[in-house]
Amino acid sequence: MATARGRAAAAGGWASGRRAGTMASLAEPPASRAPSRSPALSPAAGPSRCGGERRRNASHAGADLGAVQKDLEKEQLKTLKKVVKRFENGLPLKDLAQVIEILNLCAEKMNEQEAFTEPLCELIKLCGLPFQKKKLSDEVSYSVAVSKSIAQLAYLMRVPSSQVRIQICKCVVSFYNTESPRKLLSGYQPTSANYKIQMAELGGLAETLVLSLALVENQLNEKLWVLKALQHLSSSGVNCRLMMKAQAASRLCLYLNGVDPSGQLVFRSSEILWNLLENTSKEEVVNQLSSLECVHALKEVFVDLLMHGFRHYDRQLRNDLLVLATLLAENPAAPMIESGFAKLLIVLATFTEVKIPNPLVKGLKLTYSYEDFELKKLLFNVIGVLSKDPCAVQLLSENDVIPALLYYVKPNQKPGFHDWSAAQYEELQLHAIAILASVAPLLVDKYLSCQANTLLLVFLEWCIGQDPFFGQGNSFHGTGGRGNKLAQMRYSLRVLRSVVSLYDDAVNLNLCDQGAISQLLDILKYAANKSKEKEDAILLEIQADILFLLSVLCENDLHRKELFSYEGVDILIPFIQMDPKKLHSGLGHNCLLFSALDCLWSCVIGCYIAEDYFLEKQGIFLLLDLLALKQKNLCNIILGILVEFCDNPKTTLHISTWRGEKDQTAANLLIQLWRQEELELGVKRDRYGRIVDMKRPIASSFQKQQEVIPMPASCRSFAIMEISENIRAKLYSLLCKLGFENLPGLSAKDFVTLAIIRHYIDFKVGEVWSELCAELKEEFRPVASDEEALKVISEISEDTGRMIAALQTEVLESQHHQEIQEEEKAYTKIQAIHKQKEMVNKSWENFLTRTSNYEALKKAKRLQEKSIEASRSKSKTQNGAVHSTDIKGLGTTIGSGRLVTVESTPPQLIGGPLAVTDFALRKSSVCEGALKKIKRVKTLDSVKKDSIPV
């Protein structure tokens, strides 16, 4: 037995000796290391003993081994101290793996000897110093080994020693508080500042530390140090994602309500949770916090801070936890209602306004400090979040949320000494009214019972009044409200919009009975005038909301439309006249224009008084001007309004009278819109716009791709649904109102398209029958008579298509023939002009010849005389005198008379200064065939009879 124990002890001594050898090799400087053996591995040398001596020594082996073991441990501790001393300024990267191995060996020895605790802590402390590298590439070369070594630090949390665990956490914290080493090893330099942090991320240190929280649940000091280390690690997104894998959010939330007189537990846990929210997926964190245990823990610590926290720090921490609670309330899966947390928050938000005693807030009194002001805003925000949960509606009703929010729907009063400041009250007021817009539609009965409509209308009256008030405009809700009441007006109108959009008759009747329509028109006029001074998004939103309110209130009620008529139309006209360039400004003009058109449709159409007044104001012309912009989003609503307006017999005359750019007519505009719509739908047409597909002439490309699906009779087929998805039906209806005959301003291409529009209904009926036939053939086999009837119907549809195609071809041929005729007329006219020019040129050449050639002049004279002689009557007059046509001594080359026309060479032929002056020849009308010349008229007093003709 003693022999067996001796062997075991010898084996242990050998292993310990090997470890001591490793430590000894690290303890000595590299240059001074020499081959040596530790005492445990160096048996005493001596002469060979005889067998008797061996037997005597064996009896003392058991006693001696204990002493040897103690000596060995002392040697190991001494060697560890040398290692610590050797690397007191930092560990080289190449030796780090060996040091971590020593750490693990020391951790194992601690189970037997506590003496290794202090050396172990000292070695861990060394890991907190900057590592040292010999070459620049060492950081990359040793990255894998270093990351694994740092990960091993977290695994040492298994050691059941408070001192070791705290030292590990201190080591991790030191990663983020790096100081340059006081002294470096010869030939080494420190690693970069963030190197350890990067290696910790690579090794997954954060995840292991989160898991180690289970080991320190009952040790407050150790837990706080682990949380401190995690707080530093959570500043990195990589570490946060690793922590989330270990369910860090739920683990930390459960520690919030732990006992901790210092308060660090709540502070550090909440800080880590915030870092997790900022650096990872918010949804994932909220899902981990959505258990009933976590919500209960959050509620308990919140209530404790609310009731007993009196320091500035406590109130800030309370508000941070309330933000976390708000995020949980946004998750429908979080048991906020089941835990009673939701009810508590609602009561806290309303108890100062309704002043109803509630045991949940007994003895609680909020101050007017900034932290309590933030708390009030956060509680209002929680109500807004809970209003999105249908399960919370009952809680909102039971705890008088509507009366509490309506408390702020009143003019701002001068604050007292112990009260919110003017800026704080305004911010709370705007926040409360904004939340009211979310809550009011859920509690309509409560809303009406509190006379909310009356309060809001009175408040709006104050908003446009002349009372001196200067809004601060500091908050999010106060945007654009500095120095005015626009922010209050904006959110009050939002409340009205939220309840009116329910189309609840009781709400709308209550508003109208209090004169809401005339008051809204006054506010709209006020906002429009303000907008003329300076346009901004707030004013545009206010105007759009008012137009929406008027649309809902006046829709389907003739009396209300009459109240709107004259004043409302006068206000609407400028909106429709809006500059089209503003539609893309980004401020909200687009929304405002749509609201104005919607208001026109709901408040004017159907009331002849309002319609006639709108026509008098040339409203139809304005609508057609907007339609001429051909904006896709505007065309649909404008065409719908025009179709409805055509029920008034005066409207078609206005439409026919309208002229756009380049004298465009309304019919031409509508046909252009049809072609544009068919192009977008992918309807097949040839290059002249004629029908190509005789079976389905107006089917879109998407419609042709649809497979035949048998549907119940109550379901609309695709051919029917397609009518409401584009503007062709409205264009057809409008052209039907105008008539298809004698439409002005149309080209042959327009007539080709008009032929298709005219038979739109016939083609649509054919599409429906085509779908019906296809569905029948999918499920049934029609009898012979039914099949024949279906065939005839299909042929009728195709025949209609062929007839329209033939008509279109005839129109095009007629247009082509007309164009040829017009071309021939143009050529004939051109030929006549050229012939006239030739005659003029020939006459001019003859004139020049007579002037420069005397023989030619005499010849011309003879021809002239012959012509005169030939023109005389052959029968001689009895006793009649014969007058000579020749004037003696005349020196001209043309016929003589009292008026003389002097002709000269045109300046444009010879150039010179006269070519660019007012004396230049002016071109006469070609139709008159006149010569280009300058006339100078002279009166001849007498003719020199003795002059010689040239």
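The structure displayed is predicted, hence computed values, not measured ones.

### Some words on the overall build of the protein
Right, so step 1: Within the protein, the regular secondary structure consists of 43 helices and 4 strands.
Right, so step 2: Residues counted as buried form 43% of the 950 residues belonging to the protein.
Right, so step 3: Across the protein, every contact between residues at least 6 apart in sequence was considered, and the portion connecting residues at least 24 apart equals 76%.
Right, so step 4: Here the protein displays about 51900 Å² of accessible surface, and carbon together with sulfur accounts for 54% of that area.

### Some words on unusual backbone geometry
Right, so step 1: If you check the backbone angles, glutamine 247 has positive phi at about 60 degrees while not being a glycine.
Right, so step 2: Its identity as a non-glycine residue notwithstanding, glutamine 618 has a phi of 60 degrees, on the positive side.
Right, so step 3: As for its placement among the helices and strands, glutamine 618 is situated in the loop between α31 (608-616) and α32 (619-627).
Right, so step 4: Looking at glutamine 618, the relative accessible area reads 46%, which means it is partly exposed.

### Digging into helix α14 (residues 264-279)
Right, so step 1: Under the 1.5 Å per step criterion, the end-to-end length of α14 is 22 Å for 16 residues, consistent within 8% with the ideal 22 Å.
Right, so step 2: Every buried residue of α14 is accounted for by Leu265, Val266, Arg268, Ser269, Ser270, Ile272, Leu273, Asn275, Leu276 and Leu277.
Right, so step 3: Residues of α14 that are buried sit in contact with α11 (220-233), α12 (237-245), α13 (248-254), α15 (282-289), α16 (292-308) and α17 (312-329).

### Thoughts on the packing of helix α27 (residues 516-533) against helix α29 (residues 558-576)
What describes two packed helices is the angle between their axes and the distance between those same axes.
Right, so step 1: Closest axis-to-axis distance for the α27/α29 pair is 10 Å, and the angle between their directions is 10 degrees. The pairing of α27 with α29 is recorded here as roughly parallel in orientation. Contacts between α27 and α29 involve Ile517, Leu521, Asp522, Leu524 and Lys525 from the first element and Arg560, Leu563, Phe564, Glu567, Gly568, Ile571 and Phe575 from the second.
Right, so step 2: The residue makeup of the contact of α27 with α29, split by class, is 7 nonpolar, 1 polar and 4 charged.

### Considerations on the nonpolar core
Right, so step 1: Counting 242 residues, the largest nonpolar core has Leu276, Met336, Leu345, Leu550, Phe614, Leu623 and Leu627 as its most contacted members.
Right, so step 2: Per element, the largest residue contribution to this core is 13 residues, and it comes from helix α28 (residues 537-554).
Right, so step 3: Other than its neighbours up to four places away in sequence, methionine 336 contacts Val295, Ala325, Leu328, Ala329, Phe341, Ala342 and Leu345.

### Points about the packing of aromatic side chains
Right, so step 1: Tallied over the entire structure, the rule returns 15 aromatic pairs.
Right, so step 2: A ring pair is formed by tyrosine 566 and tyrosine 613, whose centres lie 4.9 Å apart and whose planes are at 75 degrees; its orientation type is edge-to-face. Of the two residues, tyrosine 566 is situated in helix α29 and tyrosine 613 in helix α31; the sequence distance between them amounts to 47 residues.
Right, so step 3: Among the aromatic side chains, those forming a connected cluster through ring pairs are Tyr368, Tyr370, Phe373 and Trp420.
Right, so step 4: Residue placement shows lysine 223 over the ring face of tyrosine 255; its charged tip is 4.7 Å from the ring centre.

### Things to note about a negative patch on the surface
Right, so step 1: Taken together, the side chains of Glu819, Glu822, Glu823 and Glu824 define an acidic patch exposed on the protein surface.
Right, so step 2: Along the chain, the position of glutamate 822 falls in helix α41 (residues 784-852).

### Concerning a nonpolar patch on the surface
Right, so step 1: Residues Ile761, Val765, Trp769 and Leu772 make up a contiguous nonpolar surface patch of about 310 Å² in total accessible area.
Right, so step 2: Along the chain, the position of leucine 772 falls in helix α40 (residues 760-779).

### Focus: the pattern of salt bridges
Right, so step 1: For the structure on display, the rule yields 34 salt bridges.
Right, so step 2: With a closest N to O distance of 3.4 Å, lysine 446 and aspartate 400 form a salt bridge. With lysine 446 in helix α23 (residues 444-449) and aspartate 400 in the loop between α20 (393-398) and α21 (401-406), the pair connects residues that are 46 residues apart, well separated along the chain.
Right, so step 3: In this structure lysine 446 comes out as partly exposed when scored by relative accessible area, which is 27%.
Right, so step 4: In this structure, the salt-bridge partner of arginine 675 is aspartate 750, at a minimum N-O distance of 3.1 Å. Of this pair, arginine 675 sits in helix α35 (residues 666-681) while aspartate 750 sits in helix α39 (residues 748-758), and the two are 75 residues apart along the sequence.
Right, so step 5: Assessed through its relative accessible area of 24%, arginine 675 is described here as partly exposed.
Right, so step 6: It is possible to trace a salt-bridge network through shared partners that takes in Glu678, Arg685, Glu722, Arg728, Lys764 and Glu767.

### Details of the side chain of lysine 376
Right, so step 1: Mapped onto the elements, lysine 376 comes out in helix α19 (residues 370-386).
Right, so step 2: A polar side-chain atom of lysine 376 sits 3.0 Å from a polar atom in the side chain of glutamate 353.

### Focus on the packing of α35 against helix α38 (residues 728-738)
Right, so step 1: Between α35 and α38, the shortest axis-to-axis distance is 10 Å and the interhelical angle comes to 160 degrees. The orientation of α35 relative to α38 falls into the category roughly antiparallel. When the axes of α35 and α38 are compared, the crossing they make is left-handed. Contacts between α35 and α38 pair Leu670, Leu673, Trp674, Glu677, Glu678 and Leu681 from the former with Arg728, Leu731, Leu734, Leu735 and Leu738 from the latter.

### Quick look at the environment of serine 235
Right, so step 1: Within the secondary structure layout, serine 235 lies in the loop between α11 and α12.
Right, so step 2: Judged by its relative accessible area of 52%, serine 235 falls in the exposed class.
Right, so step 3: Sequence-wise, serine 235 and asparagine 279 are 44 residues apart; in three dimensions their C-alpha atoms are separated by 7.9 Å.
Right, so step 4: Not counting residues up to four positions away in its chain, the partners in contact with serine 235 are Tyr176, Asn275 and Asn279.
Right, so step 5: At 2.7 Å, the side chain of serine 235 and the backbone oxygen of histidine 232 are in polar contact.

### Some details on the confidence of the model for the protein
Caution applies to low-pLDDT regions: their predicted coordinates should not be interpreted in detail.
Right, so step 1: In this model, the protein carries an average pLDDT of 81, and 82% of its residues clear a pLDDT of 70 or more.
Right, so step 2: Low pLDDT, under 50, characterises residues 29-51; the predicted model gives this stretch 18 contacts beyond four residues in sequence or across chains.
Right, so step 3: Note that pLDDT drops below 50 for residues 917-950; the model gives that stretch 53 contacts with residues more than four away or on any other chain.

### Some thoughts on the environment of tryptophan 601
Right, so step 1: On the secondary structure map, tryptophan 601 appears in helix α30 (residues 589-603).
Right, so step 2: For the pair tryptophan 601 and serine 551, spaced 50 residues apart in sequence, the C-alpha separation works out to 8.0 Å.

### Topic: α28
Right, so step 1: Counted at 1.5 Å a residue, the expected span for α28 with its 18 residues is 26 Å, and the 26 Å between its end C-alpha atoms agrees.
Right, so step 2: Here α28 lies mainly inside the structure; 16 of its 18 residues are buried.
Right, so step 3: A positive phi of about 65 degrees marks asparagine 556, the residue just after α28.

### Topic: the side chain of serine 339
Right, so step 1: Structurally, serine 339 can be placed in the loop between α17 and α18 (341-354).
Right, so step 2: Excluding anything up to four places from it in sequence, serine 339 contacts Leu292, Val295, His296 and Lys299.

So, how was this worked out
- Each residue is numbered by its place in its chain's sequence as written, counting from 1.
- Residues qualify for local features only when their pLDDT is at least 70, as the model is predicted, and side-chain atom pairs are given and counted only at 80 or more; totals for whole chains, interfaces and linings, by contrast, use all residues.
- Side-chain numbers come from the whole structure's heavy atoms, not from hydrogens or water.
- Comment: elements are numbered from the N terminus, with helices defined as DSSP H or I runs of at least four residues and strands as E runs of at least two.
- Only protein chains enter the calculation, and the probe is 1.4 Å; a residue is then buried if its accessible area is under 20% of its type maximum, exposed if over 50%, and partly exposed in between.
- Contact definition: two residues touch when any of their heavy atoms are within 4.5 Å.
- Here, Shrake-Rupley sampling with a 1.4 Å probe gives the accessible areas, and only protein chains in the shown set may cover a residue.
- Expected helix span is given by 1.5 Å per residue-to-residue step, counting one fewer step than there are residues.
- For helices, the axis comes from a line fit to the C-alpha atoms of the stretch in contact; other axes are also lines fit to C-alpha atoms, and the angle between any two N-to-C directions lies between 0 and 180 degrees.
- For classification purposes, an angle smaller than 35 degrees is called roughly parallel, one larger than 145 roughly antiparallel, one from 65 to 115 roughly perpendicular, and anything else oblique.
- Think of it as three bins: nonpolar holds Ala, Val, Leu, Ile, Met, Phe, Trp, Tyr, Cys and Pro, charged holds Asp, Glu, Lys and Arg, and polar takes everything else, Gly as well.
- For our purposes a nonpolar core is just a set of buried Ala, Val, Leu, Ile, Met, Phe, Trp, Tyr and Cys residues, chained together by side-chain atoms within 4.5 Å.
- Only centres within 6.5 Å qualify two rings of Phe, Tyr or Trp (six-membered ring in Trp) as a pair; their planes then separate them into stacked at under 30 degrees, edge-to-face at over 60, and tilted for everything else.
- Geometrically, a charge over a ring is one whose NZ (Lys) or CZ (Arg) sits within 6 Å of the ring centre while staying within 35 degrees of the ring normal.
- Exposure above 30% relative accessible area and no salt bridge define the residues that can form patches, which grow by joining like charges within 9 Å and nonpolar side chains of Val, Leu, Ile, Met, Phe, Trp and Tyr within 5 Å.
- For salt bridges, the criterion is a side-chain nitrogen of Lys or Arg within 4 Å of an Asp or Glu carboxyl oxygen.
- In this count, Lys and Arg are taken as positive residues and Asp and Glu as negative ones, while His and the chain termini are left out.
- Positions of charges follow a simple convention, taking NZ of Lys, CZ of Arg, CG of Asp or CD of Glu.
- As used in this structure description, the phrase polar contact means that two N or O atoms lie within 3.5 Å; if the pair is within protein, one of them must be able to donate a hydrogen and the other to accept it, and residues adjacent in sequence are counted only when both atoms belong to side chains.
- Definitions for this section: a left-handed crossing has its near helix turned counterclockwise from the far helix by less than a right angle. A right-handed crossing has that turn clockwise.
- By definition, pLDDT measures how confident the predictor is in each residue, and it falls between 0 and 100.

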